[in-house]
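Letter by letter, the chains look like this.
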Amino acid sequence: MLESLLEFVIQGLVLGGLYALFAVGLSLIFGVLDVINVAHGEFFAIGGYLAFAAVVLLHLPGVVGVLGAAAGTFLLGLCMYPLLIAPLRRRLAGRPQAPLYLVLTLGLSTFLQSSLLAVAGGDYLRVPPQVAGILDLDVTAVSYQRLLVLGAATVLLTLLFAFLRLHPEGLAVRAVSLNPEAAQAMGINLSRIFALTLGLGVALAGVGGALMAPLFNVYPAVGFPLTIKAFAITILGGMGNPVGALVASFLVSLAESLSVMVIPSQWQNLIAFAVMIVMLLLRPQGLLGRGVSR
Amino acid sequence: MSGRARLATLVGVGVTALPAVLPHPFVLTIATQAAIWALLAASWDLLSGYTGQISFGHAGFFALGAYAAAAATKHAGVSPWLGLLLGAALGAAVGLLTGFPALRLRGHYLALVTLGLAEIIRLVATNWLDLTGGPFGIHDFRSFPGLPEGAIAHRQAMYVLVVAIVAGSVAIMYGICERTTAGKAFRAIREDEVLAQTLGIDTTRYKLLAFALSSGFAGLAGGLYAYYIQLVSPVVASAATTSLVIGMVVFGGLGTLWGPVLGALLLYGLYEGLRFVGVVYNLIAVGFVIMVFVIFFPRGLAGRGRSA
């Protein structure tokens with residue numbers, strides 16, 4: 001009993017690391033741009049494919065695959081603002097039509113997912129783990145790859161939060177998130193911050209994709225279910241609140257992995273959505289959110 | 001008669017005449033499915049285009065209707081006519097239930113909740129093996145009785161039946177949106193909900209009405225799909241279905257009802273036509289159409305020539 005409990009907790013923590021990489025980026029993008037990126041999971045998939053290309057096709061070391069995935073998805077994210085978001089923003093000229101951004105990124109999601117299918121085919125691609133071996137904890141065993149996911153998530157998110165707190169550019173990101181007009185009046189270049197935020201946000205998903213590729217395999221639709229689950233997580237944590245998203249990621253992942261002890265495992269994916277709907281009814285601003293719902 | 005209405009009538013007549021001009025099984029199959037999609041697109045437009053309540057869950061309502069119809073006919077031997085009504089009723093009921101929490105939610109949140117709802121429906125459909133057949137879905141159930149036996153004649157009869165039901169349903173929705181106070185209330189809620197409330201419009205009632213109508217007609221479309229395709233599997237409830245429907249509406253023109261119908265017929269034709277080029281290119285095209293039209297032609301085909 002205690003052994004399986006410990007095993008499920010460890011599984012939950014690893015899964016939480018993945019959710020956090022994913023949901024914190026999504027939440028950051030929403031907080032700064034007021035855009036919900038429905039295509040977030042496709043960047044996770046692209047990260048996995050970049051890792052596959054680097055490691056399997058080009059025979060480069062695993063770490064190059066992860067860095068390549070980070071750089072590649074970061075660049076794609078940088079392009080997303082000037083190519084897609086900015087033109088719609090200009091046309092709307094300040095009118096609040098937030099749902100249109102959802103429709104726009106839904107289109108991007110379909111476009112990217114089918115493009116991956118066209119380029120790479122629908123096969124499940126295997127990527128060798130970046131680190132081999134298994135850590136034996138007596139009661140249970142964890143592969144080093146899973147620990148790497150958790151470790152990388154911890155390091156990257158610590159760096160991200162330090163960047164947002166300490167670096168001038170990071171402070172500018174937070175300023176825009178609080179009040180875009182005032183930030184602009186203080187001389188902050190909004191377009192630049194928007195592009196940077198999108199780049200950082202989707203790069204976190206890209207790294208997640210590269211690190212999870214050995215555990216999940218890679219296929220075009222690998223990221224989409226994560227996107228939907230990350231919506232539930234960001235709502236739980238409070239929309240646009242990256243710290244809340246971090247906390248909610250681990251709450252949801254632990255609830256999911258522990259639920260296996262009580263309910264059949266095929267239903268565990270329902271938990272996040274049930275929590276989301278209850279949360280929206282009782283406390284739409286989220287666990288750590290403040291003020292009224294938008 | 002305005003130019004746009006004339007164009008719509010022309011397309012309508014053209015579509016209806018198709019089985020007489022081209023009685024080919026492939027053309028008939030595509031045309032029948034396009035008509036079903038047109039109904040689903042129009043139902044989405046009623047809620048999201050007219051009333052401004054963006055739903056990302058129409059795949060879920062569609063799947064509910066399809067599963068209700070298929071399961072009722074397969075397990076309980078219910079007549080397909082009754083099955084259609086059952087599908088519509090279940091869609092409307094769940095839509096109404098979704099409408100209550102939706103009263104407190106706007107924009108983003110509503111879209112996310114409805115997306116989550118569709119995902120729940122998909123998970124239940126995949127895992128409730130006894131009722132839904134799991135991942136393989138429900139098949140081998142009766143379709144409409146009394147249709148001709150011959151391969152072509154059967155498809156033609158099915159086509160006429162589907163088009164009649166779709167045309168009737170779209171006409172009802174159009175009538176409600178354009179000719180009744182409810183339609184005016186829908187638009188008022190879309191433009192400014194607070195103002196609408198201040199003017200004494202019962203926004204709660206009209207939002208719930210829009211939800212029930214929209215999800216009910218989506219359920220009806222699901223029922224038609226079930227009896228036509230004769231297979232209902234969890235794929236129906238996937239987000240790709242919602243994406244395709246939203247693509248059709250954006251392509252045709254939000255908030256016009258006949259625009260989405262036109263958009264559905266054309267985009268579904270393109271979608272199936274691209275299968276000849278390569279089976280993956282059709283969804284690339286759908287994604288591309290959504291992005292280009294949202295950014296550059298927000299009024300869709302229906303709004304050509306009008307300023308944004």
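Residues numbered from 1 in each chain as written. Chains lettered and ligands numbered in written order. Predicted model: local features only at pLDDT ≥ 70, side-chain atom pairs only at ≥ 80, totals over all residues.

Before we move on, could you go through the overall build of chain B and cite the residues and values that matter?
A count of helices and strands for chain B gives 13 helices and two strands. Here chain B has a C-alpha radius of gyration of 19 Å; the compact-globule value for 308 residues is 19 Å, and the two agree. Viewed in the frame of its principal axes, chain B has a C-alpha envelope of about 60 × 45 × 35 Å. Put simply, chain B has 308 residues, and 54% of those count as buried. Taking the contacts inside chain B whose residues are at least 6 apart along the sequence as the reference set, 76% of them involve residues at least 24 apart. (Helix = DSSP H or I, 4+ residues; strand = E, 2+ residues; numbered from the N terminus. Rg over C-alpha atoms; globule rule 2.2 N^0.38 Å. Buried ≥ 20, exposed ≤ 12 C-beta atoms within 10 Å, placed from the backbone. Contact = placed C-beta atoms within 7 Å.)

Can you break down the overall build of chain A residue by residue, with the values?
Helix and strand content of chain A: eleven helices and two strands. Tracing chain A from N to C terminus, the helices and strands come up as α-α-α-α-β-β-α-α-α-α-α-α-α. Relative to its length of 294 residues, chain A is compact, with a C-alpha radius of gyration of 19 Å against a globular reference of 19 Å. Reported as C-alpha extents along the three principal axes, the dimensions of chain A are approximately 60 × 50 × 35 Å. Summarising the internal contacts of chain A: among those between residues at least 6 apart in sequence, 77% fall at separations of at least 24.

How would you explain the interface of chain B and chain A if you had to name every residue and give the values?
Listed by partner, the interface residues are 36 residues for chain B and 38 residues for chain A. Of all the secondary-structure elements, those providing two or more residues to the side of chain B that touches chain A are helix 5 (108–127), helix 11 (239–252) and helix 13 (281–296) of chain B. Per-element accounting of the side of chain B that touches chain A gives the leading share, eleven residues, to helix 5 of chain B. Its residues assigned to classes, the side of chain B that touches chain A comprises 26 nonpolar, seven polar and three charged. (Nonpolar A, V, L, I, M, F, W, Y, C, P; charged D, E, K, R; others polar.)

So what's going on with the confidence of the model for chain B? Which residues, and what values?
Chain-level statistics for chain B give a pLDDT mean of 83 and a share of 92% at 70 or above. Element-level pLDDT for chain B is lowest in helix 1 (residues 3–21) of chain B, with a mean of 69, against a maximum mean of 91 in helix 10 (residues 203–229) of chain B. (pLDDT = per-residue confidence, 0-100.)

Any chance you could break down the environment of B:Leu115 for me, citing the residues and the numbers?
Inspection of the secondary structure puts B:Leu115 in helix 5. Note: C-alpha distance between B:Leu115 and B:Ala59 (56 residues apart in sequence) is 8.8 Å. The residues contacting B:Leu115, other than those within four sequence positions of it, are A:Ile228, A:Phe231, B:Phe56, B:Gly57 and B:Ala239.

Give me helix 11 (residues 270–282) of chain A: which residues, what numbers.
Compared with the 18 Å implied by 1.5 Å per residue over 13 residues, the 18 Å span of helix 11 of chain A between its first and last C-alpha is a close match. Of the residues making up helix 11 of chain A, those classed as buried are A:Ala272, A:Phe273, A:Val275, A:Met276 and A:Leu280. Seen along its axis, helix 11 of chain A keeps its buried residues to an arc of 160 degrees; they face one direction. Those residues of helix 11 of chain A that are exposed and angled more than 90 degrees off the buried face are A:Val278 and A:Leu282. Summarising the contacts, the buried residues of helix 11 of chain A are in contact with helix 9 (224–237) and helix 10 (242–259) of chain A together with helix 4 (80–102) and helix 5 of chain B. (Expected span 1.5 Å × (residues − 1). Arc of directions from axis to C-beta.)

Break down the packing of helix 7 (residues 151–179) of chain B against helix 8 (residues 181–191) of chain B for me, citing the residues and quoting the values.
Residue and element names in this part refer to chain B. Direction vectors running N to C along helix 7 and helix 8 enclose 70 degrees, while the axes themselves pass 4 Å from each other. One way to sum up the angle between helix 7 and helix 8 is to call them roughly perpendicular. When helix 7 is examined against helix 8, the residues Ile176, Cys177, Glu178 and Arg179 are found in contact with a partner set consisting of Ala182, Gly183 and Phe186. (Axes fitted to C-alpha atoms, helices over the stretch in contact; angles between N-to-C directions. Parallel < 35°, antiparallel > 145°, perpendicular 65-115°, else oblique.)

Any details on the nonpolar core? Residues and values, ideally.
In this structure, B:Ile36, B:Ala38, B:Leu39 and B:Ala41 are the most contacted members of the largest nonpolar core, which totals 203 residues. Take this core: its biggest share by element is 16 residues, from helix 1 (residues 2–33) of chain A. With near-sequence residues (within four places) excluded, B:Leu39 lies in contact with B:Val166, B:Ser169, B:Val170, B:Phe217, B:Leu220 and B:Ala221. (Core = buried A, V, L, I, M, F, W, Y, C linked by C-beta atoms within 7 Å.)

If you had to explain helix 10 of chain B to someone new, which residues and values would you point to?
All names here are of chain B. Taking 1.5 Å per residue as the helical rise, helix 10 with its 27 residues ought to reach 39 Å, and the 38 Å between its terminal C-alpha atoms agrees with that figure. Extensive coverage of helix 10 is indicated by the burial of 21 of its 27 residues. Gln230 sits one or two positions beyond helix 10 and adopts a positive phi of about 65 degrees.

Got a sec to walk through the environment of A:Leu211? Specific residues and values, please.
Residue and element names in this part refer to chain A. Secondary-structure assignment places Leu211 in helix 8 (residues 190–216). A sequence separation of 182 residues divides Leu211 from Ile29, and the C-alpha atoms of the two residues are 22 Å apart. Apart from the residues within four sequence positions on either side, Leu211 is in contact with Val66, Leu148, Val149 and Ala152.

Tell me about the packing of helix 11 of chain A against helix 5 of chain B, and name the residues and values.
Where helix 11 of chain A contacts helix 5 of chain B, the two axes come as close as 10 Å, and the packing angle between them is 145 degrees. Crossing angle aside, the handedness with which helix 11 of chain A passes helix 5 of chain B is left-handed. Contact with helix 11 of chain A, carried on its side by A:Leu270, A:Phe273, A:Met276, A:Ile277 and A:Leu280, involves B:Tyr109, B:Val113, B:Gly116, B:Glu119, B:Ile120 and B:Leu123 of helix 5 of chain B and no other residues of that element. Residue classes in the contact of helix 11 of chain A with helix 5 of chain B are distributed as nine nonpolar, one polar and one charged. (Left-handed = near helix turned anticlockwise from the far one by under 90°.)

For the confidence of the model for chain A, give the residues involved together with the corresponding values.
Of all residues in chain A, 95% have pLDDT values of 70 or greater, and the mean over the chain is 84. Element-level pLDDT for chain A is lowest in helix 11 of chain A, with a mean of 78, against a maximum mean of 92 in helix 2 (residues 40–57) of chain A.

Please set out unusual backbone geometry residue by residue, giving values where relevant.
For A:His59, which is not glycine, the phi dihedral falls at a positive 55 degrees. Within the secondary structure, A:His59 is located in the loop between helix 2 and helix 3 (62–92). For A:His59, a count of 7 C-beta atoms within 10 Å puts it in the exposed group. Located in the positive-phi region is B:Leu257, a residue other than glycine, with phi close to 65 degrees.

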